[in-house]
Protein chains: 2
Amino acid sequence: MKQPTICPKFEKAITLLSQRWNALVIYQLLPGPQRFSEIQSAIGISGKVLSDRLKELEHQDLIKREVIPETPVVIEYSLTEKGKSLESVLKTIETWSQEWMKPDDEKSH
Amino acid sequence: MKQPTICPKFEKAITLLSQRWNALVIYQLLPGPQRFSEIQSAIGISGKVLSDRLKELEHQDLIKREVIPETPVVIEYSLTEKGKSLESVLKTIETWSQEWMKPDDEKSH
DNA sequence: GTTATCACTTACTTTATGTAACCTAGTTTA
DNA sequence: TAAACTAGGTTACATAAAGTAAGTGATAAC
(Lines give C-alpha, C1' and ligand atoms only; values in the text may rest on other atoms or scores of the structure.)
Protein backbone atom coordinates (compact mmCIF):
# COMPACT_ATOMS: atom_id res chain seq x y z
CA MET A 1 0.00 0.00 0.00
CA LYS A 2 3.07 2.18 0.01
CA GLN A 3 5.75 2.03 -2.60
CA PRO A 4 9.28 1.99 -1.18
CA THR A 5 10.14 5.40 -2.52
CA ILE A 6 11.85 6.54 0.64
CA CYS A 7 15.17 5.18 1.85
CA PRO A 8 14.52 2.95 4.85
CA LYS A 9 17.43 4.36 6.84
CA PHE A 10 16.17 7.87 6.31
CA GLU A 11 12.66 6.88 7.20
CA LYS A 12 13.89 5.25 10.37
CA ALA A 13 15.77 8.40 11.31
CA ILE A 14 12.70 10.50 10.66
CA THR A 15 10.57 8.16 12.73
CA LEU A 16 13.07 8.48 15.54
CA LEU A 17 13.21 12.25 15.42
CA SER A 18 9.49 12.61 14.84
CA GLN A 19 8.68 10.75 17.98
CA ARG A 20 7.68 13.28 20.54
CA TRP A 21 10.35 14.17 23.12
CA ASN A 22 13.17 12.16 21.55
CA ALA A 23 14.97 15.14 20.05
CA LEU A 24 14.57 17.19 23.22
CA VAL A 25 15.91 14.39 25.41
CA ILE A 26 18.99 14.03 23.21
CA TYR A 27 19.40 17.79 23.13
CA GLN A 28 19.19 17.94 26.87
CA LEU A 29 21.95 15.37 27.21
CA LEU A 30 24.33 17.08 24.79
CA PRO A 31 26.16 19.08 27.49
CA GLY A 32 26.71 15.98 29.61
CA PRO A 33 25.16 13.21 31.71
CA GLN A 34 21.96 13.93 33.59
CA ARG A 35 19.66 12.22 35.99
CA PHE A 36 16.05 11.22 35.42
CA SER A 37 14.53 14.07 37.38
CA GLU A 38 16.81 16.67 35.81
CA ILE A 39 15.73 15.72 32.31
CA GLN A 40 12.15 15.56 33.42
CA SER A 41 12.01 19.06 34.89
CA ALA A 42 14.16 20.57 32.16
CA ILE A 43 11.95 19.60 29.25
CA GLY A 44 8.61 19.16 31.02
CA ILE A 45 7.94 15.57 30.09
CA SER A 46 5.88 13.22 32.24
CA GLY A 47 7.71 10.55 34.21
CA LYS A 48 5.84 7.82 32.45
CA VAL A 49 6.78 8.90 28.95
CA LEU A 50 10.34 9.78 29.93
CA SER A 51 10.73 6.30 31.32
CA ASP A 52 9.51 4.86 28.02
CA ARG A 53 11.71 7.09 25.91
CA LEU A 54 14.86 6.43 27.89
CA LYS A 55 14.38 2.70 27.51
CA GLU A 56 13.77 3.05 23.82
CA LEU A 57 16.68 5.37 23.22
CA GLU A 58 18.92 3.07 25.21
CA HIS A 59 17.70 0.14 23.16
CA GLN A 60 18.58 2.06 20.01
CA ASP A 61 22.03 2.72 21.43
CA LEU A 62 21.60 6.48 21.50
CA ILE A 63 21.96 6.85 25.23
CA LYS A 64 23.36 4.75 28.03
CA ARG A 65 22.11 4.27 31.55
CA GLU A 66 24.63 4.06 34.30
CA VAL A 67 24.04 3.10 37.88
CA ILE A 68 26.58 4.82 40.07
CA PRO A 69 26.93 2.98 43.38
CA GLU A 70 27.27 6.03 45.53
CA THR A 71 25.26 6.32 48.64
CA PRO A 72 22.52 6.80 47.79
CA VAL A 73 22.67 5.22 44.37
CA VAL A 74 22.60 7.64 41.45
CA ILE A 75 21.38 6.84 37.96
CA GLU A 76 22.89 8.81 35.14
CA TYR A 77 21.90 8.99 31.51
CA SER A 78 24.41 10.03 28.89
CA LEU A 79 24.81 9.98 25.13
CA THR A 80 26.64 7.24 23.28
CA GLU A 81 28.76 8.06 20.24
CA LYS A 82 25.69 7.52 18.10
CA GLY A 83 23.73 9.84 20.32
CA LYS A 84 26.41 12.50 20.25
CA SER A 85 26.50 12.28 16.49
CA LEU A 86 23.00 13.69 16.44
CA GLU A 87 24.43 17.00 17.55
CA SER A 88 24.95 17.95 13.89
CA VAL A 89 21.26 17.42 13.23
CA LEU A 90 20.17 19.37 16.29
CA LYS A 91 22.53 22.22 15.53
CA THR A 92 21.13 22.45 12.02
CA ILE A 93 17.64 22.65 13.45
CA GLU A 94 18.81 25.29 15.89
CA THR A 95 20.35 27.37 13.12
CA TRP A 96 17.24 27.00 11.00
CA SER A 97 15.00 28.01 13.88
CA GLN A 98 17.00 31.18 14.50
CA GLU A 99 16.59 32.18 10.89
CA TRP A 100 12.99 31.23 10.26
CA MET A 101 10.94 30.87 13.40
CA LYS A 102 9.32 33.67 15.26
CA PRO A 103 8.75 32.89 18.90
CA ASP A 104 5.01 32.49 19.34
CA ASP A 105 4.13 35.42 21.52
CA GLU A 106 0.89 35.38 19.63
CA LYS A 107 -0.57 32.37 21.35
CA SER A 108 -3.92 33.24 19.89
CA HIS A 109 -3.64 32.43 16.25
CA MET B 1 6.30 24.11 35.84
CA LYS B 2 9.12 24.27 33.37
CA GLN B 3 11.98 26.69 33.53
CA PRO B 4 12.62 28.45 30.24
CA THR B 5 15.98 26.82 29.69
CA ILE B 6 15.35 26.11 26.04
CA CYS B 7 15.19 28.79 23.36
CA PRO B 8 11.55 29.21 22.32
CA LYS B 9 12.40 29.37 18.63
CA PHE B 10 14.32 26.14 18.84
CA GLU B 11 11.56 24.52 20.83
CA LYS B 12 9.02 25.60 18.28
CA ALA B 13 11.12 24.11 15.49
CA ILE B 14 11.47 20.87 17.40
CA THR B 15 7.74 20.76 18.03
CA LEU B 16 7.16 21.25 14.32
CA LEU B 17 9.58 18.55 13.27
CA SER B 18 8.52 16.21 16.04
CA GLN B 19 4.95 16.22 14.90
CA ARG B 20 4.32 13.03 13.09
CA TRP B 21 4.34 13.26 9.27
CA ASN B 22 5.42 16.90 9.07
CA ALA B 23 9.02 16.16 8.08
CA LEU B 24 7.97 13.52 5.57
CA VAL B 25 5.43 15.82 3.96
CA ILE B 26 8.03 18.55 3.54
CA TYR B 27 10.54 15.99 2.27
CA GLN B 28 8.04 14.72 -0.23
CA LEU B 29 7.50 18.22 -1.58
CA LEU B 30 11.20 19.04 -1.96
CA PRO B 31 11.41 17.89 -5.60
CA GLY B 32 8.39 19.96 -6.59
CA PRO B 33 4.64 20.52 -6.24
CA GLN B 34 2.42 17.55 -5.64
CA ARG B 35 -1.23 16.78 -5.31
CA PHE B 36 -3.07 15.53 -2.26
CA SER B 37 -3.35 11.94 -3.40
CA GLU B 38 0.27 11.78 -4.52
CA ILE B 39 1.55 12.80 -1.12
CA GLN B 40 -0.88 10.45 0.53
CA SER B 41 0.17 7.37 -1.37
CA ALA B 42 3.87 8.26 -1.31
CA ILE B 43 4.24 8.45 2.44
CA GLY B 44 1.31 6.28 3.55
CA ILE B 45 -0.52 8.84 5.64
CA SER B 46 -4.28 8.76 6.19
CA GLY B 47 -6.37 11.32 4.36
CA LYS B 48 -7.66 12.75 7.57
CA VAL B 49 -4.27 13.45 9.09
CA LEU B 50 -2.80 14.66 5.80
CA SER B 51 -5.66 17.12 5.54
CA ASP B 52 -4.85 18.38 9.06
CA ARG B 53 -1.14 18.60 8.41
CA LEU B 54 -1.47 20.45 5.14
CA LYS B 55 -3.67 23.05 6.76
CA GLU B 56 -1.28 23.45 9.63
CA LEU B 57 1.80 23.63 7.46
CA GLU B 58 0.08 26.14 5.25
CA HIS B 59 -0.86 28.18 8.28
CA GLN B 60 2.78 28.15 9.35
CA ASP B 61 3.76 29.32 5.88
CA LEU B 62 5.79 26.25 5.08
CA ILE B 63 3.67 25.15 2.14
CA LYS B 64 1.17 26.79 -0.15
CA ARG B 65 -2.01 25.42 -1.63
CA GLU B 66 -2.82 26.35 -5.18
CA VAL B 67 -6.03 25.75 -7.03
CA ILE B 68 -5.31 25.32 -10.71
CA PRO B 69 -8.44 26.00 -12.78
CA GLU B 70 -7.91 23.30 -15.31
CA THR B 71 -10.69 21.02 -16.24
CA PRO B 72 -11.08 19.28 -13.91
CA VAL B 73 -9.67 21.50 -11.22
CA VAL B 74 -6.31 20.44 -9.79
CA ILE B 75 -5.00 21.29 -6.34
CA GLU B 76 -1.28 21.51 -5.90
CA TYR B 77 0.78 21.78 -2.77
CA SER B 78 4.26 23.23 -2.88
CA LEU B 79 6.91 24.56 -0.53
CA THR B 80 7.29 28.22 0.30
CA GLU B 81 10.74 29.71 0.78
CA LYS B 82 10.48 28.89 4.44
CA GLY B 83 9.54 25.33 3.57
CA LYS B 84 12.37 24.99 1.10
CA SER B 85 14.80 26.25 3.69
CA LEU B 86 14.11 23.10 5.67
CA GLU B 87 16.01 21.19 3.03
CA SER B 88 19.24 21.79 4.96
CA VAL B 89 17.73 20.16 8.02
CA LEU B 90 16.38 17.20 6.08
CA LYS B 91 19.65 16.68 4.25
CA THR B 92 21.51 16.65 7.54
CA ILE B 93 19.12 14.01 8.82
CA GLU B 94 19.62 12.06 5.62
CA THR B 95 23.39 12.18 5.94
CA TRP B 96 23.20 11.19 9.58
CA SER B 97 20.90 8.28 8.78
CA GLN B 98 23.29 6.94 6.15
CA GLU B 99 26.10 6.94 8.64
CA TRP B 100 24.35 5.68 11.74
CA MET B 101 21.15 3.83 11.01
CA LYS B 102 20.87 0.24 10.01
CA PRO B 103 17.74 -0.56 8.09
CA ASP B 104 15.54 -2.59 10.40
CA ASP B 105 15.48 -5.95 8.73
CA GLU B 106 15.22 -7.24 12.26
CA LYS B 107 11.59 -6.32 12.77
CA SER B 108 11.49 -8.59 15.79
CA HIS B 109 13.50 -6.75 18.38
C1' DG C 1 8.84 5.97 63.20
C1' DT C 2 7.26 9.55 60.30
C1' DT C 3 8.59 12.11 56.42
C1' DA C 4 11.21 12.89 52.17
C1' DT C 5 13.60 11.77 47.76
C1' DC C 6 14.62 9.21 43.60
C1' DA C 7 13.46 6.41 39.84
C1' DC C 8 10.19 4.42 38.47
C1' DT C 9 5.25 1.74 37.70
C1' DT C 10 0.20 1.38 37.51
C1' DA C 11 -4.56 2.85 36.72
C1' DC C 12 -7.18 6.04 34.55
C1' DT C 13 -8.20 10.20 31.36
C1' DT C 14 -7.42 12.91 27.38
C1' DT C 15 -5.51 13.63 22.89
C1' DA C 16 -3.75 11.99 18.50
C1' DT C 17 -3.96 8.97 14.83
C1' DG C 18 -6.07 5.43 11.92
C1' DT C 19 -10.10 3.31 9.31
C1' DA C 20 -13.79 3.44 6.63
C1' DA C 21 -17.80 5.44 4.91
C1' DC C 22 -19.67 9.52 2.96
C1' DC C 23 -19.82 14.10 0.28
C1' DT C 24 -19.51 17.37 -3.73
C1' DA C 25 -18.29 18.44 -8.26
C1' DG C 26 -16.95 17.18 -12.64
C1' DT C 27 -16.26 12.99 -16.24
C1' DT C 28 -16.38 9.13 -18.39
C1' DT C 29 -19.08 4.69 -19.61
C1' DA C 30 -23.09 2.20 -21.11
C1' DT D 1 -29.85 9.79 -18.78
C1' DA D 2 -28.19 7.23 -15.22
C1' DA D 3 -24.46 4.55 -13.02
C1' DA D 4 -19.90 4.58 -11.91
C1' DC D 5 -15.39 6.84 -11.28
C1' DT D 6 -12.03 10.33 -9.69
C1' DA D 7 -10.07 14.11 -6.79
C1' DG D 8 -10.01 16.26 -2.56
C1' DG D 9 -11.61 16.25 1.00
C1' DT D 10 -15.02 15.61 5.82
C1' DT D 11 -17.39 12.90 9.43
C1' DA D 12 -18.12 9.25 12.78
C1' DC D 13 -16.17 5.82 15.17
C1' DA D 14 -12.02 2.75 17.01
C1' DT D 15 -7.44 2.31 18.60
C1' DA D 16 -2.94 3.98 20.11
C1' DA D 17 -0.09 7.37 22.38
C1' DA D 18 0.54 10.71 25.91
C1' DG D 19 -0.72 13.12 30.23
C1' DT D 20 -2.16 13.00 35.34
C1' DA D 21 -1.94 11.46 39.63
C1' DA D 22 -1.31 8.14 42.92
C1' DG D 23 1.54 4.26 44.52
C1' DT D 24 6.02 1.47 45.23
C1' DG D 25 10.50 0.16 47.15
C1' DA D 26 14.83 1.51 48.49
C1' DT D 27 17.48 4.69 51.15
C1' DA D 28 18.18 8.60 54.15
C1' DA D 29 17.15 12.60 57.17
C1' DC D 30 14.52 14.38 61.27
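All figures in this text were calculated on a predicted structure; none of them were measured in a lab.

S.K.: Just give me the short version of the protein's contact with DNA strand D, but keep the residues and values in it.
M.R.: As a matter of local geometry, DNA strand D sits amid 16 residues, with Arg53(A), Thr71(A), Ser51(B), Arg65(B) and Tyr77(B) nearest to it. Per the 4 Å cut-off to the protein, sugar and phosphate atoms form 71% of the nearby atoms of DNA strand D. Contact distances for DNA strand D include 2.7 Å between a phosphate oxygen and a side-chain N or O atom of Arg53(A). Across the surface near DNA strand D, the residue classes tally to five nonpolar, four polar and seven charged.

S.K.: Residues and numbers for the protein's contact with DNA strand C, please.
M.R.: Of all residues adjacent to DNA strand C, which total 16 residues, the nearest are Ser51(A), Arg65(A), Tyr77(A), Lys48(B) and Arg53(B). At the protein interface, 70% of the atoms of DNA strand C within 4 Å belong to sugar or phosphate. The separation between a phosphate oxygen of DNA strand C and a polar side-chain atom of Arg65(A) is 2.4 Å. Here a phosphate oxygen of DNA strand C and a side-chain polar atom of Arg53(B) are 2.7 Å apart.

S.K.: Explain the pattern of salt bridges to me, and be specific about the residues and the numbers.
M.R.: All names here are of chain B. Under the counting rule described, the total for this entry stands at four salt bridges over all chains. Across the pair Lys-84 and Glu-81 runs a salt bridge whose closest N-O atoms are separated by 3.5 Å. One end of the pair, Lys-84, and the other, Glu-81, are both in helix α5 (residues 81-84), three residues apart, so they sit about a helical turn from each other. The class of Glu-81 is exposed, set by a relative accessible area of 54%.

S.K.: Give me the sheet that holds strand β3 (residues 74-79) of chain A: which residues, what numbers.
M.R.: Residue and element names in this part refer to chain A. Pairing is antiparallel across the open sheet formed by three strands, whose spatial order is β1-β3-β2. A single partner strand is all that each edge strand has here, and the edge strands are β1 (34-35) and β2 (63-68). Across two bridges, the pairing between β1 and β3 is antiparallel. By the bridge assignment, Gln-34 is partnered in β3 with Tyr-77. Sheet strands touched by helix α2 (residues 22-29): β1, β2 and β3. Its angle to β3, the strand with the most contacts, is close to 100°.

S.K.: Tell me about the relation of the copies chain A and chain B, and please be specific about residues and values.
M.R.: The second copy of the chain is related to the first by a rotation about an axis and a shift along the axis. Overlaying chain A with chain B gives an RMSD of 0.0 Å, the required rotation being 180° about an axis along which the chain moves by 0.0 Å. This pairing of chains is accounted for by a two-fold axis. Closest approach to the rotation axis among the C-alpha atoms of chain A is made by Ser18(A), whose C-alpha sits 2.0 Å away. A symmetric contact is evident, with 98% of the interface residues of chain A recurring at the interface of chain B.

S.K.: For the interface of chain A and chain B, give the residues involved together with the corresponding values.
M.R.: Between chain A and chain B, the contact holds 46 residues from the first and 46 residues from the second. Counting across the chain A and chain B interface gives zero salt bridges. One can count nine residue pairs in polar contact (both at pLDDT 80 or more) joining chain A with chain B. Looking at the side of chain A that touches chain B, the elements with two or more residues in it are α1 (8-18), α2, α3 (36-43), α5 (81-84) and α6 (87-100) of chain A. Ranked by residues supplied to the side of chain A that touches chain B, first place goes to α6(A) with ten residues.

Conventions adopted
- Residues numbered from 1 in each chain as written.
- Chains lettered and ligands numbered in written order.
- Predicted model: local features only at pLDDT ≥ 70, side-chain atom pairs only at ≥ 80, totals over all residues.
- Heavy atoms only, no water.
- Near = heavy atom within 4 Å.
- Polar contact = N/O pair within 3.5 Å; in protein donor to acceptor, adjacent residues only side chain to side chain.
- Nonpolar A, V, L, I, M, F, W, Y, C, P; charged D, E, K, R; others polar.
- Salt bridge = Lys/Arg side-chain N within 4 Å of Asp/Glu carboxyl O.
- Helix = DSSP H or I, 4+ residues; strand = E, 2+ residues; numbered from the N terminus.
- Buried < 20%, exposed > 50% of the residue type's maximum accessible area, 1.4 Å probe, protein only.
- Pairing = 2+ DSSP bridges.
- Contact = heavy atoms within 4.5 Å.
- Axes fitted to C-alpha atoms, helices over the stretch in contact; angles between N-to-C directions.
- Least-squares fit on C-alpha atoms with pLDDT ≥ 70 in both.

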